[in-house]
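The chain contents come next:
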Amino acid sequence: SLSSHPRAAFGRRAHTAPAVRLLAAMSTPYKTRAVEYIGAPFCEGQNLAGADLAPQALRDAGLARALKALGWAVHDAGDLDFETHFRAKGVGRGVDASKRRDTIETYEEWRASGKTSNFAEWAHAQEVLRVDGVAEAEQQATKALAPATRPREVINAELMGCGLELVHGAVARAAAAGRFALTIGGDHSVAAGSVSALCGVYPKLSVIWVDAHADANTPATSPSLHYHGMPAAHLLGWFDRSPAGFDWLRGGCLAEQSLAYIGLRDVDEEEARLLRESKVHVFTMRDVDKHGIGRVVEMALQAIDPHGCVPLHLSLDIDAVDPMAAPGTGTTARGGLSYREIHYICEEMAMTKRLVGMDLVEVNPELDRQQHGRPQAAMHGDNPHLNVGDVTPTVHLATDLVLSALGKTIMHDKVFP
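Note that the structure is a prediction, hence the values are computed from the model and not measured.

**Structural notes on the overall build of the chain**
Next, step 1: A tally of helices and strands in the chain yields 15 helices and 8 strands.
Next, step 2: Split into buried and exposed, the 417 residues of the chain put 57% on the buried side.
Next, step 3: Of the roughly 17500 Å² of accessible surface on the chain, a fraction of 51% belongs to carbon and sulfur atoms.

**A look at the nonpolar core**
Next, step 1: If you look at the biggest cluster of nonpolar residues, it comprises 60 residues, and the most contacted ones within it are Ile208, Val210, Leu314, Ile345 and Met358.
Next, step 2: Every residue in contact with Met358, bar those within four places of it in the chain, is listed here: Phe180, Ala181, Leu182, Thr183, His313, Leu314, Leu316, Cys346, Leu401, Val402 and Ala405.
Next, step 3: Counting residues in hydrophobic clusters, the runner-up holds 56 residues, among them Phe86, Ala157, Leu164 and Ala170.

**Remarks on the packing of aromatic side chains**
Next, step 1: Under the counting rule described, the total for this entry stands at 7 aromatic pairs.
Next, step 2: Geometrically, the ring pair formed by Phe42 and Phe82 is tilted, given 5.0 Å between the ring centres and 40° between the ring planes. Of this pair, Phe42 sits in the loop between strand 1 (34-40) and helix 2 (54-60) while Phe82 sits in helix 4 (residues 82-89), placing them 40 residues apart in sequence. Neither Phe42 nor Phe82 differs from the other in exposure class; each is buried.
Next, step 3: Chaining the aromatic ring pairs together yields one cluster made of Tyr227, Phe239, Phe246 and Trp248.
Next, step 4: Lying over the aromatic face of Trp72, Arg33 brings its terminal NZ or CZ to 4.3 Å of the ring centre.

**Re the environment of Arg173**
Next, step 1: Relative to the assigned elements, Arg173 resides in helix 8 (residues 157-176).
Next, step 2: According to the relative accessible area criterion, Arg173 is exposed, its value standing at 57%.
Next, step 3: Arg173 sits 24 residues away from Ala197 along the chain, and the two C-alpha atoms are 8.6 Å apart.

**Examining helix 13 (residues 293-304)**
Next, step 1: Between its first and last C-alpha, helix 13 extends 17 Å over 12 residues, near the 16 Å set by a 1.5 Å rise per residue.
Next, step 2: Buried within helix 13 we find Ile293, Val296, Val297, Met299, Ala300, Leu301 and Ile304.
Next, step 3: Of the surrounding elements, those touching the buried residues of helix 13 are strand 4 (206-210), strand 5 (259-264), strand 6 (281-284), helix 12 (285-291), strand 7 (312-317) and helix 14 (339-351).

**Considerations on the pattern of salt bridges**
Next, step 1: Summed over all chains, the structure comprises 11 salt bridges.
Next, step 2: The shortest N-O distance in the salt bridge between Arg59 and Asp79 comes to 2.8 Å. Taken as a pair, Arg59 in helix 2 and Asp79 in strand 2 (residues 73-79) lie far apart in primary sequence, 20 residues in all.
Next, step 3: Across the pair Glu347 and Arg340 runs a salt bridge whose closest N-O atoms are separated by 3.1 Å.
Next, step 4: Among the residues examined, Glu347 registers a relative accessible area of 16% and is labelled buried.
Next, step 5: Of the residues examined, Arg340 reaches a relative accessible area of 38% and is grouped as partly exposed.
Next, step 6: Shared partners join several salt bridges into a network, and the residues in it are Arg59, Asp76 and Asp79.

**Looking at the confidence of the model for the chain**
Next, step 1: Here the chain averages 84 in pLDDT, while 76% of its residues score no lower than 70.
Next, step 2: Below pLDDT 50 for its whole length, residues 1-5 participates in 7 contacts with residues either more than four positions away or in separate chains.
Next, step 3: For residues 129-148, every residue scores under 50 in pLDDT, and the model assigns this stretch 31 contacts once sequence neighbours within four places are set aside.

**A closer look at the state of the cysteines**
Note: disulfide means a covalent bond formed between the sulfur atoms of two cysteine side chains.
Next, step 1: Taken as a whole, this structure holds 0 disulfides when the rule is applied.
Next, step 2: With no disulfide of its own, Cys253 lies closest to Cys199 among cysteine sulfurs, the gap being 4.4 Å.

**A look at the environment of Ala69**
Next, step 1: Along the chain, Ala69 falls in helix 3 (residues 63-69).
Next, step 2: On the basis of relative accessibility, which here comes to 45%, the residue Ala69 falls in the partly exposed class.
Next, step 3: Distance from Ala69 to Lys408, taken between C-alpha atoms, is 9.7 Å for residues 339 residues apart in sequence.

**Looking at the packing of helix 13 against helix 14**
Next, step 1: At a minimum axis distance of 10 Å, the contact between helix 13 and helix 14 shows a crossing angle of 40°. One way to sum up the angle between helix 13 and helix 14 is to call them oblique. Read as a crossing pair, helix 13 and helix 14 show a hand that is right-handed. Seen from helix 13, the contacting residues are Ile293, Gly294, Val297 and Leu301; seen from helix 14, they are Glu341, Tyr344, Ile345, Glu348 and Met349.
Next, step 2: Looking at the contact of helix 13 with helix 14 residue by residue, the classes come out as 6 nonpolar, 1 polar and 2 charged.

**Some points on helix 8**
Next, step 1: Between its terminal C-alpha atoms helix 8 stretches 28 Å, which fits the 28 Å expected from 20 residues at 1.5 Å a residue.
Next, step 2: By the criterion of burial, helix 8 is predominantly enclosed, with 14 of the 20 residues buried.
Next, step 3: Within two residues after helix 8, Gly178 carries a phi angle of roughly 80°, on the positive side.

**Focus: the sheet that holds strand 7**
Next, step 1: The parallel open sheet is built from 8 strands, whose spatial order is 2-1-3-8-7-4-5-6. Taken across any chain shown, the strands that pair with only one partner, and hence form the sheet edges, are strand 2 and strand 6. Averaged over all pairs of adjacent strands, the angle between their axes in this sheet comes to 15°, without regard to strand direction.
Next, step 2: For strand 5 and strand 6, the ladder comprises 4 bridges, and the chain directions are parallel. Looking at the pairing, Leu264 lines up with Thr284 of strand 6.
Next, step 3: Lying over the sheet, helix 9 (residues 190-201) contacts strand 1, strand 3 (180-185), strand 4, strand 7 and strand 8 (355-361), oriented at roughly 175° with respect to strand 8.
Next, step 4: Each of strand 4, strand 5, strand 6 and strand 7 is contacted by helix 13, which is oriented at about 160° to strand 5, the strand it contacts most.

About the thresholds
- Residues numbered from 1 in each chain as written.
- Predicted model: local features only at pLDDT ≥ 70, side-chain atom pairs only at ≥ 80, totals over all residues.
- Heavy atoms only, no water.
- Helix = DSSP H or I, 4+ residues; strand = E, 2+ residues; numbered from the N terminus.
- Buried < 20%, exposed > 50% of the residue type's maximum accessible area, 1.4 Å probe, protein only.
- Areas by Shrake-Rupley, 256 points an atom, 1.4 Å probe, with all protein chains shown as cover.
- Core = buried A, V, L, I, M, F, W, Y, C linked by side-chain atoms within 4.5 Å.
- Contact = heavy atoms within 4.5 Å.
- Phe/Tyr/Trp six-rings, centres within 6.5 Å; stacked < 30°, edge-to-face > 60°.
- Lys NZ or Arg CZ within 6 Å of the ring centre and 35° of its normal.
- Expected span 1.5 Å × (residues − 1).
- Salt bridge = Lys/Arg side-chain N within 4 Å of Asp/Glu carboxyl O.
- pLDDT = per-residue confidence, 0-100.
- Disulfide = S-S within 2.5 Å.
- Axes fitted to C-alpha atoms, helices over the stretch in contact; angles between N-to-C directions.
- Parallel < 35°, antiparallel > 145°, perpendicular 65-115°, else oblique.
- Left-handed = near helix turned anticlockwise from the far one by under 90°.
- Nonpolar A, V, L, I, M, F, W, Y, C, P; charged D, E, K, R; others polar.
- Pairing = 2+ DSSP bridges.

This is the structure we're talking about:
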C-alpha cells in the first residue's frame with residue numbers, strides 16, 4: 001500500500017507499472033483533508049500597497065466556513081509575523097509594521113461603513129491611505145529606472161529573502177504534515193517561498209502558473225528590479241548568483257520541464273527570449289483563443305505530467321483574469337481570462353486529485369471597485385457559506401477560485417472521498 005507520508009506518496013513513479021501509476025493518480029497526497037491557510041501579507045516585492053490586505057479579506061468573506069462545508073478541516077494561525085521575523089534576523093529596520101495594522105483597522109471600518117465607494121476612495125476621504133493616490137501608486141509600480149543608472153541588484157533583496165524564508169518555512173511544515181498548503185499573498189514573490197518548500201517535500205513537483213505576466217525576469221533582464229517579476233526565474237535557476245538574503249533558496253529546485261504557464265499576455269522582450277530558449281511550457285492568451293481553455297489545460301497538464309502521477313501546485317495571480325471580472329489588482333492588462341475560464345482551470349486542477357498546494361496572489365482590496373458604487377447583490381448560485389454582499393468583486397472571485405481548486409463543483413460531485 002502507499003505510504004501516508006506525503007513524500008512517499010509520490011516517490012519512485014518513473015519506472016512503476018501502469019497499474020501502480022493509476023493507483024497513485026487516484027490517491028490524494030494529503031490524507032487528513034486539511035487545509036493550512038497561510039496568510040502571507042508580503043508586498044515588499046513591488047511598490048504598490050494593498051495586496052497585504054488580501055489574507056484578511058478572504059477570511060472576512062467566509063472562506064474557512066465554505067471550505068468546511070466541502071469537508072475540509074481548516075488550520076489558520078493568522079498571518080505570518082514578518083515584523084518579528086525581521087527583528088529576529090536584524091533586517092527591515094525601516095519597515096513600520098504599525099502602518100499595516102492601521103490599514104487593517106481602516107479596512108474593517110470601511111467594511112462596516114456600508115461600502116458606498118471602493119476602499120481606496122473611502123480611505124482617501126478619511127486621509128489615511130498609505131499612498132498618494134491609486135494612479136500615482138500604479139505609475140510607481142511600473143516605472144523603470146534609466147538603464148544607465150540602475151544597479152543590477154534586486155530591490156530590497158535582503159528584506160525580500162528574509163520575508164520569503166518565513167513563507168518557505170510555513171509551507172514546508174504544512175506539506176510535511178500532509179496538509180494542503182494554501183498561501184494567500186501578498187504579491188507573487190511569495191511563490192519563491194511556497195514552491196521551493198513544496199519542491200523539498202515533493203521532489204517531483206510540477207507547477208501550473210496562471211498569470212498575465214511570466215515573472216521570469218532575472219536581475220540582468222528586469223526593467224524594474226522588483227522581485228515580484230522574478231520568482232519563476234529564481235526557482236528555475238536562471239539567476240547568475242543568489243541575491244542577499246536568499247541563501248535558503250536552491251535555484252533550480254523546479255525543473256524547466258515541470259513548469260507550464262497559462263494565460264500570459266504581457267511579457268517583457270528579454271523575458272520572452274529566456275522562455276523561448278528554455279524547456280518551460282508556455283500557453284499564452286493566443287493559445288486560449290485558438291484552442292479553448294479546456295484543450296489548453298489538457299495540454300499544459302500533459303506537458304508537465306505526461307503519466308498523470310506527480311504532485312501539482314497551482315500558482316494563481318488574479319491579474320490573469322480580465323479586469324472586467326477582477327478589477328482589484330495592481331498590474332491589470334486587457335484581454336485576460338474570463339470568469340468561467342479561470343474557474344475551469346481551478347476545477348480541472350482539483351479533478352487531478354494531485355493538487356498539493358495553491359498560491360493566490362495580487363488581490364488588492366484597496367483597488368477593488370464596487371459595481372455602480374454599491375455593494376454586490378447576491379445572485380442565484382452564490383455560495384451560501386460566503387458573505388457575498390459584504391465583499392468586493394475581486395475578493396469574491398478569489399474566494400470562489402480557492403473553493404473550485406479544492407473540489408467545489410456545479411453538480412455537487414464528490415471530487416474527494
